[in-house]
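Reading the structure
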Amino acid sequence: MAKIVEHGTWSLVPEDEARHEPGPELLWNESYYFDFAAPDGSLAGYVRLGLYPNWDRAWYWAALVGPGRPLVIVADNYAPLPEPGATDVRASNYTATQKITEPFGPAFVNLDGTASVLTDPTDAYGDLAGAETTRLAFDLRWDTVSGVYPYKDIPRYEIPCTVSGTVTVGGETIAIDAHGERDHSWGERDWWKVSWLWTSGRLDDGTFVHGMQANIGFPIPWPCFTVPPGGEIGHRAGFSARTAFGPADLPTGSDLRFPGAPTALAPVAFAPVAITSPDGRPAHFVRALCRFEAADGRTGHGWTEWHQPPDWRDHGWSHLAEENP
């Protein structure tokens with residue numbers, strides 16, 4: 001079994017790869033993410049399945065992006081819940097499955113359906129009923145690289161991966177030989193309360209990086225790991241981030257302080273989603289394929305997200321931790 005980084009207040013076990021018994025909270029959520037990016041940044045995609053058993057719905061999102069390409073997206077916030085213990089979603093315009101064949105090992109994700117085609121990605125915040133559509137199909141495999149990184153204090157873990165298989169968009173089928181990440185979390189999750197930055201990528205020397213910062217106004221040991229080329233996954237202390245925003249509230253860039261490797265991040269292609277709370281409050285979940293440029297000259301690509309709940313601009317999008325040497 002893959003190495004599990006041990007540094008937190010809870011212990012990750014193989015059974016955690018499966019679904020969990022929900023708590024009593026309305027916003028109790030179980031979430032699976034799968035993303036990938038070509039090494040040259042020419043194509044990237046992601047899938048998210050979010051289960052809300054007490055709200056009687058699932059969220060299913062799948063996106064494909066690339067420079068010079070329109071956003072192709074399935075964004076279903078009213079998806080039917082899978083059968084108990086399962087993670088398959090079958091809606092009127094798509095079928096989606098995912099299977100983890102051994103704990104913390106290979107994961108297989110399949111999608112076949114009709115997606116919206118958006119030349120302006122912020123159109124994803126509105127009604128997509130009149131949008132152009134095309135076929136979107138994923139037949140992809142995520143293979144673990146080095147090990148598994150659980151967050152310290154909450155039930156969530158991240159797995160750096162290589163990604164292989166095919167993607168079909170319209171009549172074009174594309175072979176995928178990429179890198180990416182998958183993650184799994186569960187527990188109460190109020191998307192309309194806290195803003196955050198989450199980022200994951202791979203640099204051109206083979207180093208995987210991951211960091212996360214919630215904008216809560218003071219520093220804590222934010223989750224951060226690296227996997228050096230051919231080495232072992234390991235926790236790194238002291239991640240911090242600062243972001244600037246431009247038109248339509250889209251980020252124009254972020255300054256990431258990975259320990260020992262300060263990195264500039266530039267969005268390349270956006271794949272945002274709009275979400276509405278049970279009491280009608282809106283939020284924008286901004287995700288993008290990004291180019292990473294480390295201060296030492298290394299470059300790479302990966303995914304970053306900047307979550308924007310109500311009053312998000314007042315939360316402060318600056319470094320909370322001190323500068324690392």
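The text that follows walks through the structure, step by step, so that each part is easy to find. (Residues numbered from 1 in each chain as written. Predicted model: local features only at pLDDT ≥ 70, side-chain atom pairs only at ≥ 80, totals over all residues. Heavy atoms only, no water.)

What follows deals with the overall build of the protein chain. When helices and strands are tallied, the protein chain shows 0 helices and 22 strands. Rg of the C-alpha trace for the protein chain: 18 Å, near the compact-globule value of 20 Å for 325 residues, within the 12% margin. Counting only C-alpha atoms, the protein chain reaches 55 × 40 × 40 Å along its principal axes. Across the 325 residues that make up the protein chain, the buried fraction comes to 57%. Expressed as a percentage of contacts within the protein chain between residues at least 6 apart in sequence, the contacts between residues at least 24 apart total 58%. For the protein chain, the exposed area adds up to about 13,000 Å²; of that, 50% sits on carbon and sulfur atoms. One finds the centroid of the 23 positive side-chain charges in the protein chain at a distance of 2 Å from the centroid of its 42 negative side-chain charges. (Helix = DSSP H or I, 4+ residues; strand = E, 2+ residues; numbered from the N terminus. Rg over C-alpha atoms; globule rule 2.2 N^0.38 Å. Buried < 20%, exposed > 50% of the residue type's maximum accessible area, 1.4 Å probe, protein only. Contact = heavy atoms within 4.5 Å. Areas by Shrake-Rupley, 256 points an atom, 1.4 Å probe, with all protein chains shown as cover. Lys, Arg positive; Asp, Glu negative; His and termini not counted. Charge placed at Lys NZ, Arg CZ, Asp CG, Glu CD.)

Moving on to the pairing of strand β14 (residues 208-214). A large share of β14 lies buried, amounting to 7 of its 7 residues. Of the two faces of β14, the one carrying F208, H210, M212 and A214 and the one carrying V209, G211 and Q213 are both buried. Sheet analysis places strand β13 (residues 196-203) next to β14, joined by 7 bridges and oriented antiparallel. Its bridge partner being in β14, W198 is matched across the sheet by M212. Between β13 and β14, which pair antiparallel one after the other, the connecting turn spans 4 residues, and G206 there sits at a positive phi close to 100°. (Pairing = 2+ DSSP bridges.)

Time to look at the nonpolar core. In this structure, W191 and W306 are the most contacted members of the largest nonpolar core, which totals 61 residues. Per-element accounting of this core gives the leading share, 7 residues, to strand β21 (residues 282-294). The next biggest cluster of nonpolar side chains, apart from the first, holds 42 residues, and it includes L49, A79, W142 and C161. (Core = buried A, V, L, I, M, F, W, Y, C linked by side-chain atoms within 4.5 Å.)

Considering all chains together, one arrives at 17 salt bridges under this definition. Among the ionic pairs, K3 bridges to E232, the shortest N-O distance being 3.0 Å. Separated by 229 residues along the polypeptide, K3 in strand β1 (residues 3-4) and E232 in the loop between β15 (224-227) and β16 (234-235) bring together distant segments of the chain. The class for E232 is exposed, based on a relative accessible area of 56%. A salt bridge links D183 to R156, with the nearest nitrogen and oxygen atoms 2.9 Å apart. Taken together, the positions of D183 in strand β12 (residues 172-188) and R156 in strand β11 (residues 156-169) put the pair 27 residues apart, joining distant regions of the chain. Through salt bridges that share partners, D35, R287 and E305 make up one connected network. (Salt bridge = Lys/Arg side-chain N within 4 Å of Asp/Glu carboxyl O.)

Further remarks concern the packing of aromatic side chains. This model, assessed by the stated rule, comprises 25 aromatic pairs. Judged by centre distance (5.5 Å) and plane angle (90°), the ring pair of Y52 and W55 falls under edge-to-face. Of the residues examined, Y52 reaches a relative accessible area of 0% and is grouped as buried. One aromatic cluster is present, formed by Y52, W55, W59, W61, W191, W192, W196 and F285 through successive ring pairs. The residue whose ring lies beneath R287 is Y46, and the NZ or CZ to ring-centre distance is 4.6 Å. (Phe/Tyr/Trp six-rings, centres within 6.5 Å; stacked < 30°, edge-to-face > 60°. Lys NZ or Arg CZ within 6 Å of the ring centre and 35° of its normal.)

Bringing the environment of I275 into the picture now. Relative to the elements of secondary structure, I275 occurs in strand β20 (residues 273-276). You can call I275 buried: its relative accessible area is 1%. Distance from I275 to G105, taken between C-alpha atoms, is 31 Å for residues 170 residues apart in sequence. In contact with I275, other than residues within four places in its own chain, are W59, W61, N77, W191, W192, R281, P282, A283 and H307.

Function cannot be inferred from these measures alone, as they are strictly geometric.
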